[in-house]
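# Per-entry structural report
Residue-level listing of the chains:
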Number of protein chains: 2
Amino acid sequence: MPAAARGNAVIGQSGGPTVVINESLVGIVEAARLSGAIDKVFGALHGVSGLLDDRLIRLDDQPAATLATVASTPAAALGSVRRKPTREECLRMFATLRKRDIRYIFYIGGNDSAETANILLECARSERYPLRVFHVPKTIDNDLRVTDHCPGYGSAARFVAHAFVGDNLDNRSLKGIKINVVMGRHAGFLTAAAVLGRQYPDDGPHLVYVPERDFDEKRFVRDVALVNDRLGRCLVAVSEGIHDRSGTTIAESIARRAERDAHGNIQLSGSGALGDHLASLVKRAMPTARVRADTFGYLQRSFAGCISETDAHEARLVGRAAVEYAARATSGTVVLRRSAGQRYRCTTALVPLARVAKHTRQMPARFINREGNDITAAFVAYAAPLAGKLHPVGRLRGL
Amino acid sequence: MPAAARGNAVIGQSGGPTVVINESLVGIVEAARLSGAIDKVFGALHGVSGLLDDRLIRLDDQPAATLATVASTPAAALGSVRRKPTREECLRMFATLRKRDIRYIFYIGGNDSAETANILLECARSERYPLRVFHVPKTIDNDLRVTDHCPGYGSAARFVAHAFVGDNLDNRSLKGIKINVVMGRHAGFLTAAAVLGRQYPDDGPHLVYVPERDFDEKRFVRDVALVNDRLGRCLVAVSEGIHDRSGTTIAESIARRAERDAHGNIQLSGSGALGDHLASLVKRAMPTARVRADTFGYLQRSFAGCISETDAHEARLVGRAAVEYAARATSGTVVLRRSAGQRYRCTTALVPLARVAKHTRQMPARFINREGNDITAAFVAYAAPLAGKLHPVGRLRGL
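What you see is a predicted model, and the numbers here were worked out from it, not measured in a lab. Numbering of residues begins from 1 in every chain and follows the order in which that chain's sequence is written. Each chain takes a letter, starting from A, and each ligand takes a number, starting from 1, following the order in which they are written. For this predicted model, a pLDDT threshold of at least 70 governs which residues receive local features, and a threshold of 80 or more governs which side-chain atom pairs are given and counted, while totals over whole chains, interfaces and linings are taken from all residues. Water and hydrogen atoms play no part in the side-chain values, which are based on all heavy atoms of the structure.

Secondary structure summary: chain A contains 14 helices and eleven strands in total. A globule of 399 residues ought to have a C-alpha radius of gyration of about 21 Å, and chain A, at 22 Å, matches this closely. When its C-alpha atoms are laid out on the principal axes, chain A stretches across 70 × 45 × 35 Å. Within chain A, the proportion of its 399 residues that are buried is 64%. By definition, residues are in contact when any of their heavy atoms lie within 4.5 Å. Across chain A, the fraction of contacts at a sequence separation of at least 24, relative to all contacts at a separation of at least 6, is 78%. The method behind every accessible area is Shrake-Rupley, applied with a 1.4 Å probe, and residues are considered shielded solely by the protein chains displayed. When the accessible surface of chain A is split by element, carbon and sulfur atoms take 49% of a total near 14600 Å². The averaged location of the 40 negative side-chain charges in chain A is 2 Å from the averaged location of its 55 positive side-chain charges. Helix and strand assignments follow DSSP, with helices taken as H or I runs no shorter than four residues and strands as E runs no shorter than two, numbered in order from the N terminus. As defined in this context, the radius of gyration uses C-alpha atoms, and a globule is described by 2.2 Å times the residue total to the power 0.38. Partly exposed residues are those whose accessible area sits between 20% and 50% of the maximum for their type, while under 20% is buried and over 50% is exposed, using a 1.4 Å probe and protein chains only. The convention is simple: Lys and Arg are positive, Asp and Glu are negative, and His and the chain ends are not counted. For the purpose of locating charges, the reference atoms are NZ of Lys, CZ of Arg, CG of Asp and CD of Glu.

On to the relation of the copies chain A and chain B, then. Note that the two copies of the chain are related through a rotation about an axis and a translation along the same axis. Least squares is the method used to superpose the copies, on C-alpha atoms of residues holding a pLDDT of at least 70 in both. Here chain A sits on chain B after a turn of 180 degrees about the axis and a move of 0.0 Å along it, with an RMSD of 0.0 Å. Expressed as a symmetry operation, the mapping of one chain copy onto the other fits a two-fold axis. For chain A, the smallest separation between a C-alpha atom and the rotation axis is recorded for Gly272 of chain A, amounting to 2.1 Å. When the interface residues of chain A are mapped onto chain B, 100% of them are again interface residues, pointing to one common binding face.

What follows covers the interface of chain A and chain B. Taken together, the contact pairs 74 residues of chain A with 74 residues of chain B. When two parts are put together, the accessible area they lose, computed with a 1.4 Å probe and summed over both, is reported as buried area. With both chains or domains summed, chain A and chain B bury close to 5600 Å², and 59% of this area falls on carbon and sulfur atoms. For this document, the term salt bridge refers to a Lys or Arg side-chain nitrogen within 4 Å of an Asp or Glu carboxyl oxygen. At the junction of chain A and chain B, the tally comes to two salt bridges. The salt bridge involving Asp170 of chain B is made with Arg301 of chain A; its shortest N-O contact spans 2.7 Å. N or O atoms within 3.5 Å of each other form a polar contact, as long as, within protein, one can give a hydrogen and the other can take it, and as long as residues adjacent in sequence are counted only when both atoms are side-chain atoms. Put simply, chain A and chain B have 24 residue pairs in polar contact (both at pLDDT 80 or more) between them.

Another aspect to go through is the environment of Leu59 of chain A. The topology assignment puts Leu59 of chain A in the loop between strand S3 (56-58) and helix H3 (64-71). Measuring from C-alpha to C-alpha, the distance between Leu59 of chain A and Pro287 of chain A comes to 59 Å, with 228 residues separating the pair along the chain. Dropping the residues within four chain positions of it, Leu59 of chain A is found in contact with Ile11, Leu25, Val29, Arg33, Val41, Phe42, Gly43 and Leu78 of chain A together with Leu396 of chain B.

Our next topic: helix H1 (residues 21-34) of chain B. Note: α-helices contain 3.6 residues per turn, so residues at a spacing of three or four share the same orientation. All names here are of chain B. Between its first and last C-alpha atoms H1 spans 21 Å; for 14 residues at 1.5 Å apiece the expected length is 20 Å, and the two agree. With eleven of its 14 residues buried, H1 lies for the most part within the structure. For H1, the full list of buried residues reads Ile21, Asn22, Glu23, Ser24, Leu25, Val26, Gly27, Ile28, Val29, Ala31 and Ala32. As for H1, its buried residues are in contact with strand S1 (7-13), strand S2 (38-44), helix H3 (64-71), strand S4 (102-109), strand S5 (132-137) and helix H12 (309-326). Under the convention used throughout, the expected extent of a helix is 1.5 Å for every residue step, that is, one less than its residue count.

To continue, consider the packing of aromatic side chains. For any two aromatic rings, the description comes down to two numbers: the centre-to-centre distance and the angle of the planes. All names here are of chain B. Only Phe, Tyr and Trp rings take part, Trp by its six-membered ring, and two of them pair if their centres are within 6.5 Å. Stacked means planes under 30 degrees apart, edge-to-face means over 60, and tilted covers everything else. In the structure shown here, the tally under the stated rule is 28 aromatic pairs over all chains. Relative to Tyr382, the ring of Phe189 has its centre 6.2 Å away and its plane inclined at 45 degrees; by these criteria the two rings are tilted. Here Phe189, found in helix H7 (residues 189-192), pairs with Tyr382, found in helix H14 (residues 377-387); they are 193 residues apart in sequence, far enough to count as distant. This pair shows no difference in class: Phe189 is buried, exactly as Tyr382 is. Consider the rings of Phe367 and Tyr382, whose centres lie 5.2 Å apart with planes at 40 degrees: the pair is tilted. Of the two residues, Phe367 sits in the loop between helix H13 (353-356) and H14 while Tyr382 sits in helix H14, which places them 15 residues apart along the sequence.

Below is the structure:
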């Protein structure tokens, strides 16, 4: 491996933002300032788009107070992008890199972003340009491989948990059937977080459906009726990515027009159609029931003021670690490893980009109950430390 | 006025819950314990339904620690109800009141609940039953008359403000047209709270539509296009109750089946249909734009862990005040009065039930801009102290 070349660095942010993605940004800037190998630190506006068009700003000379506030500000401070660069675009980016003497790229994002980082790395090799490329993980979906969990997930899980804590109490106050649609295309981690606030035996969500299991509409309606018979109400958590046995998402089969982004993903969020469809299924079977559906939408990844402290800390940590790894490695993805033992603790490690790029991870079977309509205590043990301590909830004696 | 009769009290909670409605409950219990006139304090389960069926629990012997946790727990701890009692039902309730020697009713709710309280009071008069009836205000809609504002509004406004702070940054990161539907049937107070977090000149929401003004779909699409031309993005806040010139709500005109509750209200929440409809209008006019819609739904009134301290304090205050008024008055609604002067301060007053019952209040004209598509600085001055200090947001230099 060649010795670390002295030069400048650039940071990009990519994919759906989170509320802690700027912690990673600031972590990289802070560590780069202390690094002996990195001079200037640039920020590319809207990820690879900024590299393509040479739209960069300086980050190493930002005031400390600015960086401190930006760190806890939701969404990508540099702007984000969903774009997989072509070979031709990569070559155009190298013009910018050469001009700015950039030898280090830190790309913050999910598995699509890891793929982009890998494309840039391969391009650099064929161009014989001495570039070190690091992927800094971020996603509310928690669907990256290898890592114990992803920065961004803990805060989104905290939002979903708090939403269900409140909505469960609301549903208990006024009764009825309530269906909440949670983000999650292929993995149910975020939807599963709906159970983190359950405290009393009758607390909802009473049913949870995730993309790891086939969704059967008849079975769903029967499940709801059973809970409603028992409790006089029913609160349901559903992933936006639930699909039938053929693999077709329910959202897809009801969408009048499916939009696709550059990575071939179907648009599932930003529409209330799935929730309304599921509510209408229940209404048809139980015509007198009060049935409502909410789709949590973009608040799950952007809501200000609902940040998990552990998540914020770890997002900063993986940013700093990326710079430290850059001193002794050419490329890689920073991952989190959970230490064994009672007390929650994570450290970082570096793995090859290709191990994380492109593919997604689903929830292990032990997180889902046998019937495929609820989440297990094993998941709660896994996710509770990530979301942090929740808002306390009390119940009057005699109720 | 007859002297205050010694006897027992009952508390009911009614209408859509809030995150601070239990502060008022606990405030009443605490003050009643200190009152010389009230012995036992009962809680009626699900408001007037509990009075009808004699489903009451004791509240005065609840442990202090339980009351402290319940106070900051979202949604109605006693259960809520949407029910306007008939004359016959009122008479049935008096059987419960007599049996339990209840001389004081404290009913926590909105304008429909004030009406219910008034019906109970009139019934007591005709029955010559010595009953004192107090309405303790609660509503996220802030649409009660007389009072400066309603407990419950500040926290819901805080939720909406934080949601828009985050979503504005998300929209700035990935661009596009984003439409958020906010609760508010007749009044735009909650939707207007979307602007409370605006800080930079290009911050959204860029357009705000409230039920106080007629909504014109063509005008809306034109407004969005203008903002998008200027900023390359557009964030919109829309009340669920927006209506056309004839007064028909847009939600109503697109609803396949409108549900009505006992007070004759049409169901607007718990469906993503309005947001999806508005998004499709924009898509039709701007086919290549990335257009998304979210409907905030029930989270606005139930989300755990997003409570305005001022709101929590005042919700407790109006509960305590109701008990104090009950020592020297027969009935009334507790209202909040804002003191003149720079520093925000509110005190309580008592007004006749009939002045608050049934009717709703809309936003004054000075809170809405001339074009009817934005909110003024006068509103911000009014609402900012109610929502409390928001999560700080920073922006990198050079952006």
